[in-house]
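Structural description and commentary
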Amino acid sequence: MIATMVIETILAVYTVWRYKMSDMVRLAAITLLGLATFQLAEFFVCTGSIGHTIEWSRFGFAAITLLPPLGLHVVHVVADKPGRRLVQTAYFTMAAFIAFFLVFPGVFDSYQCTGNYVIFHLRPHAGGIYWVYYFGWIITSMVLGLKWINELSQLGKKAHDRLRAT
């Protein structure tokens, strides 16, 4: 967990240092730092060495909750889609879940440390709603990404055919 966190942090710093600052660089760096933060939280949940495990669980879930909206935002940036209401909605739901994880007492029923990762058990209903949030935004991102890839490839084929015709 610590090795993964260090690698993700180094990659985030390298990305910011190496590439000209843009929306994509910013999103990539934030994604890597979110992943690194979750790794750190997992480490402290498993070892219990600093603070209480429940606080680290909250902190880790807040970090991992960033990922689906960031992914949706990346898809919009790559496809150069200016209308971003959907991205704003994703960020709004992200903020609501982060607030929920940080404020609501007893959000976690338990956790289980395995050799490679931590399994968190959310309270009944909270886990199902979070699952819909997390995978709903991931599936939305994938569907839009596939749609926009097809649109871009069709434009590329038309441009290629026009060039061949001349």
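In what follows, the accompanying structure is described.

Parameters and conventions
- Residues numbered from 1 in each chain as written.
- Predicted model: local features only at pLDDT ≥ 70, side-chain atom pairs only at ≥ 80, totals over all residues.
- Heavy atoms only, no water.
- Phe/Tyr/Trp six-rings, centres within 6.5 Å; stacked < 30°, edge-to-face > 60°.
- Lys NZ or Arg CZ within 6 Å of the ring centre and 35° of its normal.
- Helix = DSSP H or I, 4+ residues; strand = E, 2+ residues; numbered from the N terminus.
- Buried < 20%, exposed > 50% of the residue type's maximum accessible area, 1.4 Å probe, protein only.
- Core = buried A, V, L, I, M, F, W, Y, C linked by side-chain atoms within 4.5 Å.
- Contact = heavy atoms within 4.5 Å.
- Patch = residues over 30% accessible without salt bridge, like charges linked within 9 Å, V, L, I, M, F, W, Y side chains within 5 Å.
- Areas by Shrake-Rupley, 256 points an atom, 1.4 Å probe, with all protein chains shown as cover.
- Salt bridge = Lys/Arg side-chain N within 4 Å of Asp/Glu carboxyl O.
- Pairing = 2+ DSSP bridges.
- Polar contact = N/O pair within 3.5 Å; in protein donor to acceptor, adjacent residues only side chain to side chain.

Here the structure, examined in full by the defined rule, presents 16 aromatic pairs. Here the aromatic rings of phenylalanine 43 and phenylalanine 44 are separated by 5.2 Å at their centres, their planes lie at 70°, and the arrangement is edge-to-face. By the ring-pair criterion, three or more aromatic residues cluster together here, those being Phe61, Phe97, Phe100, Phe101, Phe104, Tyr130, Trp131, Tyr133, Tyr134 and Phe135. Seen from the ring of tyrosine 19, arginine 18 lies directly overhead, with NZ or CZ sitting 4.9 Å from the centre.

Okay, the environment of alanine 28 next. Relative to the helices and strands, alanine 28 resides in helix 2 (residues 23–47). Exposure remark for alanine 28: the relative accessible area of 27% places this residue in the partly exposed category. The sequence separation of alanine 28 and valine 118 amounts to 90 residues, and the corresponding C-alpha distance is 24 Å.

Let's shift gears to the nonpolar core. Within the largest apolar cluster, 30 residues are counted, with the highest numbers of intra-cluster contacts made by Phe61, Phe101, Leu122 and Tyr130. When sequence neighbours within four positions are dropped, the list of residues in contact with leucine 122 reads Phe61, Phe101, Val107, Phe108, Asp109, Gly127 and Tyr130.

Taken together, the side chains of Trp131, Val132, Phe135, Ile139 and Val143 present a nonpolar region at the surface, about 520 Å² in accessible area. For phenylalanine 135, the location among the structural elements is in helix 6 (residues 126–165). By relative accessible area, which is 36% here, phenylalanine 135 ends up partly exposed.

Here we take up the pairing of strand 2 (residues 118–122). Burial of strand 2 is one-sided: the residues Val118, Phe120 and Leu122 facing one way are buried, the residues Ile119 and His121 facing the other way are not. Here strand 1 (residues 108–113) pairs with strand 2 via five bridges, running antiparallel. Bridging across to strand 2, serine 110 finds its partner in histidine 121.

In this section: the side chain of threonine 65. Note on placement: threonine 65 falls in the loop between helix 3 (53–64) and helix 4 (67–79). Within the structure, threonine 65 has its side chain in polar contact with the backbone oxygen of phenylalanine 61 (distance 2.5 Å). The contact partners of threonine 65, leaving out residues within four places of it in the chain, are Met94, Phe97, Ile98, Phe101, Tyr130 and Tyr133.

So yeah, pure geometry; function would need other evidence.
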